[in-house]
Amino acid sequence: MTFEYAPALESRSIVEIKSKYGHFIDGKFVPGKKYFPTLNPATEEVLSQISLGTTSDVDKAVAAAQKAYTKTWSKMSGKERGKYLYRIARILQERAREFAVLETLDNGKPIRETRDIDIPLVAAHFFYHAGWADKLDYAGLGHSPQPYGVAGQIIPWNFPLLMLAWKVAPALATGNTVVLKPAETTSLTALLFAEVCQQAELPNGVVNIVTGDGSTGATIVNHPGIHKIAFTGSTEVGKKIARAIASTDKKATLELGGKGANIVFDDAPIDETVEGIVNGIFFNQGHVCCAGSRLILQESVADEVIEKLKVRMTKIRVGDPLDKNTDLGAINSKEQLLKIGELSAVGDAEGAERWSPACSLSEKGYWFAPTIFTGVTQAHRIAQEEIFGPVLSVLTFRTPQEAIEKANNTPFGLSAGIWSEKGSRIFWASQQLKAGVIWANTFNKFDPASPFGGYKESGWGREGGRHGLAAYLKTGKESGAK
Amino acid sequence: MSFYGLVDGSEKSLKTFLGQLSGVDQVGADARAAMLGTRSIKTTSKRWAIDMAISMVDLTTLEGADTPGKVRALCSKAVRPDPTDSTVPSVGAICVYNDMVAIARTQLDAIGGKNIPVAAVSTAFPSGRASMEVKIQDTQDAINAGAAEIDMVIDRGAFLAGNYGLVFDEIVKIREVCGDRAHLKVIFETGELVTYDNVRKASYLAMLAGADFIKTSTGKVAPAATPPVVLVMLEAVRDFYSMTQRRIGVKPAGGIRTTKDAMKQLVLVKETAGEEWLTPQLFRIGASALLNDLLMQRMKIADGYYASPNYVTID
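Residues numbered from 1 in each chain as written. Chains lettered and ligands numbered in written order. Predicted model: local features only at pLDDT ≥ 70, side-chain atom pairs only at ≥ 80, totals over all residues. Heavy atoms only, no water.

A short note on the pairing of strand β18 (residues 437-440) of chain A
Residues and elements named next belong to chain A.
Here is step 1: Side chains of β18 alternate between two faces, with Val437 and Trp439 buried and Ile438 and Ala440 left unburied.
Here is step 2: One ladder, built from four bridges, connects strand β17 (residues 415-419) with β18; its direction is parallel. When the bridges of β18 are listed, Gly417 appears paired with Trp439.
Here is step 3: Handedness of the β-α-β unit built from β17, helix α14 (residues 423-432) and β18 comes out right-handed. (Buried < 20%, exposed > 50% of the residue type's maximum accessible area, 1.4 Å probe, protein only. Helix = DSSP H or I, 4+ residues; strand = E, 2+ residues; numbered from the N terminus. Pairing = 2+ DSSP bridges. Right-handed = clockwise from strand over helix to strand, strands pointing away.)

As structure tokens, then:
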């Protein structure tokens, strides 16, 4: 007999899912007119019905946010705002298990990740920004920086609650109010967050959540009552937003796609590098904008790294996201699964060599085995386009200069990784790389104090840290200061 | 001389070989071990793992106060860990000081424990600070008294001073003394080597010199068998197997006291070296208090409730 892990399922009874949800506007849940289903991507079970936000819903939400901004939130001292943020952070910690289970059900990501990464980071973002609320004058952004007013925030499905935290926490800390639209396929934790706002007795209208699809998002972007837009999602939609706001005075931060280069030099700590490669591309099923989706190996260690990577990939546990021992969960939607399949087929057609470990995938739900393509070159589409799934493209290089050239030869510039035990090489490489986030001897590490954002088609602006505050504040002359 | 065709035993060849090993990133190794520590072992897998862990225990007493009576009592426990339940497997071995080997061997043979080997700690355990002659004599005595396994300590001072050749020669000499008569386990005292790079180097040094097992610690120094140290050693035996087609065993010892600790060790084995190492021939846990916690958890699974500690025997 062998050591097989028996199922270790997290109980879903901790979270109560209603049969349908309205929008959260002015502190109350208000029913929508039309509904659409939200699924558990691991089973295709319909979890609930979500309201499809209309122009009138967005109008009401923006009006509520403007009223809350004018009457309450902009007049409140930073210290008082901070108290609300601390309260929200504590409630999120208390209800962490509930949020983790709900996120896993709605998104398909493993409970290990929601429990150990997503939800603790969500709380950390609120704690971090709570601390800034009464210290904005000392953030190095000039005297008395001022909020913009109503922020329209549109977030993706890959880290639903974490992206909400990245958006809502700095907006509230800086005195803005919010109209937020969660992604179509993952609205549930945002709606549970609305309950937390009620529990924390956050003044009505400070946070408004309108659910819906792309059209709802477009309505928010184009709404004249929105002063600042914060978007995380595809580069394609990001470009549309940039066009839409081009002739307005709306401010925007855009967190878009990426094709992160994970560069392995021949003096890298190989075993930990292999872990970092796995974490870089298979974390969250590869649904990570900053994923290390291009592995760029020094030729002299390429065979050894690939061999060890394959062995390591056979240990990846693909399966029920609620099982505490699952490493790789379900693909978030049928649409995304098709896209991953299509781009992988392109990789085959382009002559790259595909490899996946043997793993049995459930018939129900949306699944994709962890996959690597070797023999990839810069001219391959799978080296250029974002796959946004558990698919790694492996390239090689001969000299450090060549590694940097290949890493930078992309329209994106969000993340990069450097693996080397030589400090001077790490500093040299990080200066050359055109990427907003660079990790050395690790990958996919996040902290609210660390600014995050991209170069080139990966976006505008930074989120997190002091830089992230700046995106929500008028500074200098703009703030009315002399 | 050639050792697996990889080194010739000279200081220079050892330095070259150890120097080209990939480094260990401490943060990364800690993170991997911590992640594996979150594996949740339940129901059927827990039952299986508890029995496997019991059969891997090197039941140990290494005290100045050890007496023949204490050692005989430990032998009874080793053969029948739970006198009320014959389905409980025997432990992997008894581990004692050199002068207790004969007593343990005689006792085990007398009470139906012929298959349980006696392991003797050797080479001026735990410090390793003695002349080579003394270390050889120490080992010879233990084997003559019936020890089938020798747990030798390396000269950590020599290792830290970079005298790899000296450490290597000692292991080779003790290996010769053991011959076919005893299995050789090489103890690093990882709490004194401190860095994971050192643990990796010591692992290769011992394996190349002919160790059958590599062992973390004496149990006299903390920290001992921490999960990342064991992870690094399991990576070493895995990679050594792909170089030489020979499987070397791993023995964590020191600080593994609870069933949960033992489960984490088995998870490390499964997901690092692989299932092939999940056998008492290739993985042992040096412990004393651990056995009773395993027995209590075993009873809990069978009965559905935790019994008083008085339902397991103290030795």
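Side note on the side chain of B:Thr218
Residue and element names in this part refer to chain B.
Here is step 1: Structurally, the position occupied by Thr218 is in the loop between β6 (213-215) and α11 (227-244).
Here is step 2: Within the structure, Thr218 has its side chain in polar contact with the side chain of Glu189 (distance 2.4 Å).
Here is step 3: Looking at Thr218, its side chain comes within polar contact range of the main-chain nitrogen of Lys220, at 2.9 Å.
Here is step 4: Sequence-distant contacts of Thr218, defined by excluding residues within four places in its chain, comprise Leu62, Phe125, Pro126, Val153, Ile187 and Glu189. (Polar contact = N/O pair within 3.5 Å; in protein donor to acceptor, adjacent residues only side chain to side chain. Contact = heavy atoms within 4.5 Å.)

A look at the pattern of salt bridges
Here is step 1: One pass over the full model with this rule turns up 49 salt bridges over all chains.
Here is step 2: Residue B:Lys15 is joined to B:Glu11 by a salt bridge in which the shortest nitrogen-to-oxygen separation is 3.6 Å. Highlighted residues: B:Lys15 and B:Glu11, both in helix α1 (residues 11-19), separated by four residues, approximately one helical turn.
Here is step 3: Judged by its relative accessible area of 31%, B:Glu11 is partly exposed.
Here is step 4: Salt bridges sharing partners connect three or more residues here, namely A:Arg112, A:Glu275, A:Arg312, A:Asp327, B:Arg32, B:Arg39 and B:Glu271. (Salt bridge = Lys/Arg side-chain N within 4 Å of Asp/Glu carboxyl O.)

Considering the domain arrangement of chain A
The extent of an interface is frequently quoted as the accessible surface area lost upon association of the parts.
Residues and elements named next belong to chain A.
Here is step 1: As assigned here, chain A comprises domain 1 (12-256 + 457-479) and domain 2 (261-448).
Here is step 2: Once you take the C-alpha centre of each, domain 1 and domain 2 turn out to be 29 Å apart.
Here is step 3: With 37 residues of domain 1 at the contact, the number on the domain 2 side is 32 residues.
Here is step 4: Between Arg112 and Asp327 there is a salt bridge, with its nearest N and O atoms 2.9 Å apart.
Here is step 5: Counting across the interface, domain 1 meets domain 2 through 15 residue pairs in polar contact (both at pLDDT 80 or more).
Here is step 6: The set of elements that each furnish at least two residues to the side of domain 1 that touches domain 2 consists of α3 (96-107) and α4 (111-132).
Here is step 7: Among the elements that make up the side of domain 1 that touches domain 2, the one with the highest residue count is α4 (nine residues).
Here is step 8: Classifying every residue of the side of domain 1 that touches domain 2 gives 15 nonpolar, 12 polar and 10 charged. (Domains from an automatic or database assignment. Nonpolar A, V, L, I, M, F, W, Y, C, P; charged D, E, K, R; others polar.)

Overview of the state of the cysteines
Here is step 1: Under the definition given, this model contains zero disulfides over all chains.
Here is step 2: Between B:Cys95, a free cysteine, and B:Cys75, which holds the nearest cysteine sulfur, the sulfur-to-sulfur gap is 12 Å. (Disulfide = S-S within 2.5 Å.)

Quick notes on the sheet that holds strand β1 (residues 20-21) of chain A
Residue and element names in this part refer to chain A.
Here is step 1: Strand order across the open sheet formed by three strands is β1-β5-β4, with mixed pairing between neighbours. A strand with exactly one partner marks an edge of an open sheet, and here the two such strands are β1 and β4 (35-40).
Here is step 2: Bridge count between β4 and strand β5 (residues 45-51): six bridges; the pairing is antiparallel. In the strand pairing of β5, Phe36 is matched with Ile50.
Here is step 3: The strands touched by α3 within the sheet are β4 and β5, with β4 carrying the most contacts at an inclination of about 100 degrees.
Here is step 4: The sheet contacts of helix α6 (residues 188-199) involve β1, β4 and β5, and relative to β5 the element is tilted by about 60 degrees. (Axes fitted to C-alpha atoms, helices over the stretch in contact; angles between N-to-C directions.)

Notes on unusual backbone geometry
Here is step 1: Backbone torsion omega between B:Phe125 and B:Pro126 reads 0 degrees, so that peptide bond is classified as cis.
Here is step 2: Of note, A:Glu201 is a non-glycine position whose phi angle comes to about 55 degrees, a positive value.
Here is step 3: Note on placement: A:Glu201 falls in the loop between α6 and β9 (207-209).
Here is step 4: Residue class for A:Glu201 comes out exposed when judged on its relative accessible area of 58%.
Here is step 5: One non-glycine residue, A:Asn284, adopts positive backbone phi at about 55 degrees.
Here is step 6: Here A:Asn284 is to be found in the loop between α9 (270-282) and β13 (294-298).
Here is step 7: You can call A:Asn284 buried: its relative accessible area is 1%.

A look at the interface of chain A and chain B
Here is step 1: Taken together, the contacts link 26 residues of chain A with 29 residues of chain B.
Here is step 2: Of the roughly 2,400 Å² buried at the junction of chain A and chain B (both faces included), carbon and sulfur atoms supply 51%.
Here is step 3: When the area that chain A buries against chain B is broken down by residue, the three leading residues are A:Phe3, A:Tyr5 and A:Glu272, summing to 29%.
Here is step 4: At the boundary of chain A and chain B, one finds five salt bridges.
Here is step 5: A:Asp327 is paired through a salt bridge with B:Arg39; the nearest N and O atoms lie 2.9 Å apart.
Here is step 6: Linking chain A with chain B are 15 residue pairs in polar contact (both at pLDDT 80 or more), by the criterion used here.
Here is step 7: Per-element tally for the side of chain A that touches chain B: the top contributor is α9(A), with four residues.
Here is step 8: Per-class residue counts for the side of chain A that touches chain B are nine nonpolar, three polar and 14 charged. (Buried area = accessible area lost by both parts, 1.4 Å probe.)

Remarks on the packing of aromatic side chains
Residue and element names in this part refer to chain A.
Here is step 1: With the rule as written, the count across this model stands at 21 aromatic pairs over all chains.
Here is step 2: Judged by centre distance (5.3 Å) and plane angle (85 degrees), the ring pair of Phe3 and Tyr5 falls under edge-to-face. Accessibility assignment for this pair places Phe3 and Tyr5 in one class, buried.
Here is step 3: With a centroid separation of 5.4 Å and an interplanar angle of 85 degrees, the aromatic rings of Trp157 and Phe388 are classed as edge-to-face. (Phe/Tyr/Trp six-rings, centres within 6.5 Å; stacked < 30°, edge-to-face > 60°.)

Description of the sheet that holds strand β14 (residues 353-355) of chain A
Residue and element names in this part refer to chain A.
Here is step 1: Here we have seven strands laid out as an open sheet, ordered β14-β15-β16-β13-β12-β17-β18, and mixed in their pairing. Here the strands that pair on one side only, and so sit at the sheet edges, are β14 and β18. Going across the sheet, the axis of each strand differs from the next one's by a mean of 20 degrees, ignoring polarity.
Here is step 2: Here three bridges tie strand β15 (residues 371-374) to strand β16 (residues 391-397), and the two strands are oriented parallel to one another. Within β16, the position partnered with Phe373 by the bridge is Ser393.

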